[in-house]
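Spelled out, the chains give:
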Amino acid sequence: MDSSPMRLDLKTVSPTFTPDKDDISLFLRMFERQMKLLSVPSDFWISHLIGVIPSDISRLIARGPEEMFRNYTHIRNILLQRFNLRADRFRVLFRRQ
């Protein structure tokens, strides 16, 4: 019997984010639960996050200071602010029509 730990490809078990369709807060909540379930140390969450988000969003993360790259809470807040502003702007435009 094989006693080695099960290996998973995180891209197949992590949700992917589509900015035009998905709610960023729900996506991040699901992502965090998957990372905890798979016992991924929080220092590595951002490197896994970059793999499941579109490249334009990962560039947003890459623009930040290097010392913040391991601070998931900081990156999470940046993403929430960015996409919540976008959602608010969309609501304003939608109401004008």
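In this text, all values refer to a predicted model and were calculated from it rather than measured experimentally. Counting restarts for each chain: residues are numbered from 1 in the order of the written sequence. Where local features are concerned, this predicted model is filtered to residues with pLDDT of at least 70; where side-chain atom pairs are given and counted, the filter is 80 or more; whole-chain, interface and lining totals use all residues. Excluded from the side-chain calculations are hydrogens and water; all other atoms, namely the structure's heavy atoms, are used.

1. Details of the nonpolar core
Here's step 1: By nonpolar core we mean a set of buried residues, namely Ala, Val, Leu, Ile, Met, Phe, Trp, Tyr and Cys, connected to one another through side-chain atoms within 4.5 Å. Per-residue accessibility, obtained with a 1.4 Å probe over protein chains only, is compared with the maximum for each type, and a residue is labelled buried under 20%, exposed over 50%, and partly exposed between these values. By size, the foremost hydrophobic cluster in this structure holds 19 residues, and its most contacted members are Ile24, Phe27, Leu28, Leu49 and Leu79.
Here's step 2: It only takes one pair of heavy atoms within 4.5 Å for two residues to be counted as in contact. Not counting the four nearest positions on each side in its chain, Leu79 is found in contact with Ile24, Leu28, Leu49, Ile57, Leu60 and Ile61.

2. Notes on the pattern of salt bridges
Pairing between side chains of opposite charge can happen when the charged atoms of each approach one another.
Here's step 1: Throughout this description, the term salt bridge denotes a Lys or Arg side-chain nitrogen within 4 Å of a carboxyl oxygen of Asp or Glu. Applying the stated criterion to the full structure yields 2 salt bridges.
Here's step 2: For Glu32, the salt bridge is made with Arg76, and the minimal N-O distance between the two is 2.5 Å. Of the two residues, Glu32 is situated in helix α2 (residues 24–37) and Arg76 in helix α5 (residues 72–96); the sequence distance between them amounts to 44 residues.
Here's step 3: According to the relative accessible area criterion, Glu32 is buried, its value standing at 13%.
Here's step 4: Close ionic contact of Arg70 with Asp43 constitutes a salt bridge, the shortest N to O distance being 4.0 Å. Strands are runs of DSSP state E lasting at least 2 residues, helices are runs of H or I lasting at least 4, and numbering of each runs from the N terminus.

3. Comments concerning the environment of Phe17
Here's step 1: With respect to the helices and strands, the residue Phe17 is situated in the loop between α1 (10–13) and α2.
Here's step 2: In sequence terms Phe17 and Ile53 are 36 residues apart; their C-alpha atoms lie 5.3 Å from each other.
Here's step 3: Sequence-distant contacts of Phe17, defined by excluding residues within four places in its chain, comprise Asp22, Asp23, Ile24, Phe27, Val52, Ile53, Pro54, Ile57 and Phe83.

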